[in-house]
Amino acid sequence: SPPSAALGHLQVQPVHRRVVRDAPPAAYALDLLDALQLAGVHQPVIVLADDASPEFLNRCYELGAESVLFLDRLTPEVLLTLVKRAIDRFELVRENDRLAGQERRQLTKERDEADQLLRQQRLMIRDLEAVAGEARDAPRTSFDPPTDSFELRSEEHTSELQSH
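Residues numbered from 1 in each chain as written. Predicted model: local features only at pLDDT ≥ 70, side-chain atom pairs only at ≥ 80, totals over all residues. Heavy atoms only, no water.

What follows deals with the pattern of salt bridges. Pairing between side chains becomes possible if they bear opposite charge and their charged atoms approach one another. Under the definition given, this model contains 6 salt bridges. Residue Glu62 is joined to Arg59 by a salt bridge in which the shortest nitrogen-to-oxygen separation is 3.4 Å. Note that Glu62 and Arg59 are positioned in helix H3 (residues 54-62) at a spacing of 3 residues, about one turn of the helix. Given a relative accessible area of 35%, Arg59 falls into the partly exposed group. The closest approach of N and O atoms between Arg98 and Glu95, which form a salt bridge, is 2.6 Å. Note that Arg98 and Glu95 are positioned in helix H4 (residues 76-137) at a spacing of 3 residues, about one turn of the helix. Exposure remark for Arg98: the relative accessible area of 41% places this residue in the partly exposed category. By relative accessible area, which is 35% here, Glu95 ends up partly exposed. (Salt bridge = Lys/Arg side-chain N within 4 Å of Asp/Glu carboxyl O. Helix = DSSP H or I, 4+ residues; strand = E, 2+ residues; numbered from the N terminus. Buried < 20%, exposed > 50% of the residue type's maximum accessible area, 1.4 Å probe, protein only.)

Any space left empty among the atoms is revealed by the rolling of a water-sized probe across them. Each pocket or cavity is described by its volume, and for the largest pocket that value is around 240 Å³. Looking at the largest pocket, it is lined by 14 residues, and the ones nearest its centre are Val41, His42, Gln43, Gly64 and Arg89. Looking at the lining of the largest pocket, the elements with two or more residues in it are helix H2 (28-39) and H4. Grouping the amino acids of the lining of the largest pocket by side-chain chemistry returns 8 nonpolar, 4 polar and 2 charged. (1 Å grid on protein atoms, 1.4 Å probe; cavity = no way out; pocket = protein on both sides within 12 Å on 5 of 7 lines; lining within 4 Å. Points joined across faces, edges and corners; volume = space filled by probe spheres on them. Nonpolar A, V, L, I, M, F, W, Y, C, P; charged D, E, K, R; others polar.)

Here it is, written out as structure tokens:
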């Protein structure tokens, strides 16, 4: 099938940017655009056409064509301008994808670090609760200082009563 033939061509000859001349009846431009889209390849493609129906134009843009130029209106300046714009847009999209990936990695790293801190804090709390439980359960000796403010106040109040 034509899309698979175009995809085979891409596997043999990788592209960074492509200007395609539509040659009916093969509709090579649509086949190439379709193959690029199926392969998940996001490359700028400029389609050159003798004449095109509105359906053809819509389909080209739906499949990711950067531009469709008519040969009777083509000048070197127009072509160079569109190629430059396509390259600039492609580089911006690639940079945006790179930055988005970097941000995802940074957020994942920060989430992992926060999870690690939470685990450490939970372990510390568990250890402190265990130590506090052991201290409450330990038998008291007359040499042990009171462990909370209630006991301190009670002892102070008792000693005041005894002194009067």
